[in-house]
Protein chains: 2
Amino acid sequence: MTDRYHHGDLRRALIDAAVEAIAESGPSALSLRAVAKGAGVSHAAPAHHFGDKSGLLTAVAAEGYDRFADALDRAWEATGSFIEVGIAYVRFAIDNKAYFETMFRPELLHEDDPELARAEARSRAALIRGSGEPKPGPDGEAPEFNANALGAWSLVHGFAGLLMTGNFPPSVAADPEGALREIANHVRFGDG
Amino acid sequence: MTDRYHHGDLRRALIDAAVEAIAESGPSALSLRAVAKGAGVSHAAPAHHFGDKSGLLTAVAAEGYDRFADALDRAWEATGSFIEVGIAYVRFAIDNKAYFETMFRPELLHEDDPELARAEARSRAALIRGSGEPKPGPDGEAPEFNANALGAWSLVHGFAGLLMTGNFPPSVAADPEGALREIANHVRFGDG
DNA sequence: GCGCCAGTCTTGACAGTGTCAAGTTGTTCG
DNA sequence: CGAACAACTTGACACTGTCAAGACTGGCGC
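Conventions adopted
- Residues numbered from 1 in each chain as written.
- Chains lettered and ligands numbered in written order.
- Predicted model: local features only at pLDDT ≥ 70, side-chain atom pairs only at ≥ 80, totals over all residues.
- Heavy atoms only, no water.
- UniProt positions renumbered as here; feature names shortened; annotations may be inferred.
- Helix = DSSP H or I, 4+ residues; strand = E, 2+ residues; numbered from the N terminus.
- Axes fitted to C-alpha atoms, helices over the stretch in contact; angles between N-to-C directions.
- Parallel < 35°, antiparallel > 145°, perpendicular 65-115°, else oblique.
- Contact = heavy atoms within 4.5 Å.
- Nonpolar A, V, L, I, M, F, W, Y, C, P; charged D, E, K, R; others polar.
- Salt bridge = Lys/Arg side-chain N within 4 Å of Asp/Glu carboxyl O.
- Polar contact = N/O pair within 3.5 Å; in protein donor to acceptor, adjacent residues only side chain to side chain.
- Pairing = 2+ DSSP bridges.

Chemist: Before we go on, may I ask you to explain the UniProt feature "domain: HTH tetR-type" (unreviewed entry) in chain A in this structure?
Modeler: In the UniProt entry, the feature "domain: HTH tetR-type" (unreviewed entry) is given for residues 8-68 of chain A. Within residues 8-68 of chain A, the helical portion is 75% and the strand portion 0%, while the C-alpha atoms at the span's ends are 27 Å from each other.

Chemist: Which parts of the structure should I look at to understand the packing of helix α1 (residues 10-25) of chain A against helix α4 (residues 53-79) of chain A?
Modeler: To describe two helices that pack against each other, one gives the angle between their axes and the distance between the axes. All names here are of chain A. It is the contact of α1 with α4, at a shortest axis distance of 10 Å, that shows an interaxial angle of 85 degrees. Classified by the angle between their axes, α1 and α4 sit roughly perpendicular to one another. In contact with R11, R12, L14, I15, A18, V19 and I22 of α1, α4 contributes L56, L57, A59, V60 and E63. Residues of the contact of α1 with α4, tallied by class, amount to nine nonpolar, no polar and three charged.

Chemist: Explain the interface of chain A and chain B here, please?
Modeler: One widely used convention gives an interface's size as the accessible area the parts lose upon coming together. Opposite the 38 residues of chain A that make contact, chain B presents 38 residues. Notably, a salt bridge pairs E107(B) with R105(A), separated by 3.4 Å at the nearest N-O pair. Viewed at the interface, chain B and chain A are joined by six residue pairs in polar contact (both at pLDDT 80 or more). Every element with two or more residues in the side of chain A that touches chain B is listed here: α7 (114-130), α8 (147-164), α10 (176-186) and β1 (187-189) of chain A. If you tally residues by element for the side of chain A that touches chain B, the top one is α8(A), at 11 residues. Considering only residue class, the side of chain A that touches chain B consists of 17 nonpolar, 13 polar and eight charged. As defined by bridge partners, β1(A) adjoins strand β1 (residues 187-189) of chain B across three bridges and the pair is classed as antiparallel. Looking at the pairing, F189(A) lines up with V187(B) of β1(B).

Rendered as structure tokens:
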């Protein structure tokens, strides 16, 4: 199946190869030719499916946002806990480093891609839902972030980022989830 | 001065050109040859001063960490306010996008560079000092981050990151400092 | 059952990149 | 003055993304 002229699902294979490569050296070091070689096709094959190198990265990011939304939704539905959604946020970053890093590097992506926009919106919705203040817009309009949600989002996002860039002391890096739970025990969100 | 064979201060000129280029397209898109051309020297000149492309980026990051530490120190000394240090953190990220982005991309840097380590340590110290809990180690050992400091650091770092990647709604992007102050009004750090 | 066509992939080329080796120019100091 | 040394240049190499052109296939209508 993988050595036919018509690959079967080359698009899938290329994304998988890309994710693997990104996991090792980051999204900016991705080589289209290396990805193609990894999938056993010629160096120009990716262009046909993704147009661009940015196109491939955009596809990875979109898939990442979908998986991210799934993870956040699962956490909220399983626990109904604001904090557990935050934990899931960080856990996703750790377990899906390649996806997560790609998602938050807009300069490498086609920001106008509709698939990306759709998946991104899903994640945003999951995040707002999990922020504990579902409060649908007064006339059914899209719900917005309030100060508490923005603060919580910033906190978990920053925690994930600092963790992944190696900026935390070893004690935190050894047990990130524990450290985050302790932070949660010390932080209170209120109405100012 | 700039067109002599011996440039005078080519190192400085290259860093400046690099910062300018990074501000436009991010650190991963930096082209050594373009930087060299911008400084009016041959394409291999940068190698002599920085060895590597990573070497140049490391120099930029180190200088960034120094400026960052300065900014945090200034904010703390001027106000003695925990919150104002956080504001200064985000303001630095906005005003020095090129430096800030480079500082937090370890995969592009020589992480073992002593200059980088020194400047990084300065920033870390400034951050701990500004976190409001100076509490020097019992026996003069380096002070550590506690849960409150980790939480506050994560919050401002995440806020800066999400802001710069365009993930915040327009209302927040239009007045980031105001939004951050409002978040600060809603968040309380305590002892759990 | 057959031909043809749209879609899939390959081949070859191009300009641009980082890095290395060797050579050239300038400065400094004995 | 000359010799050692640093700063920079020149040329080459392998590698990259992208484009144009061609080759192969599977499946469609007839």
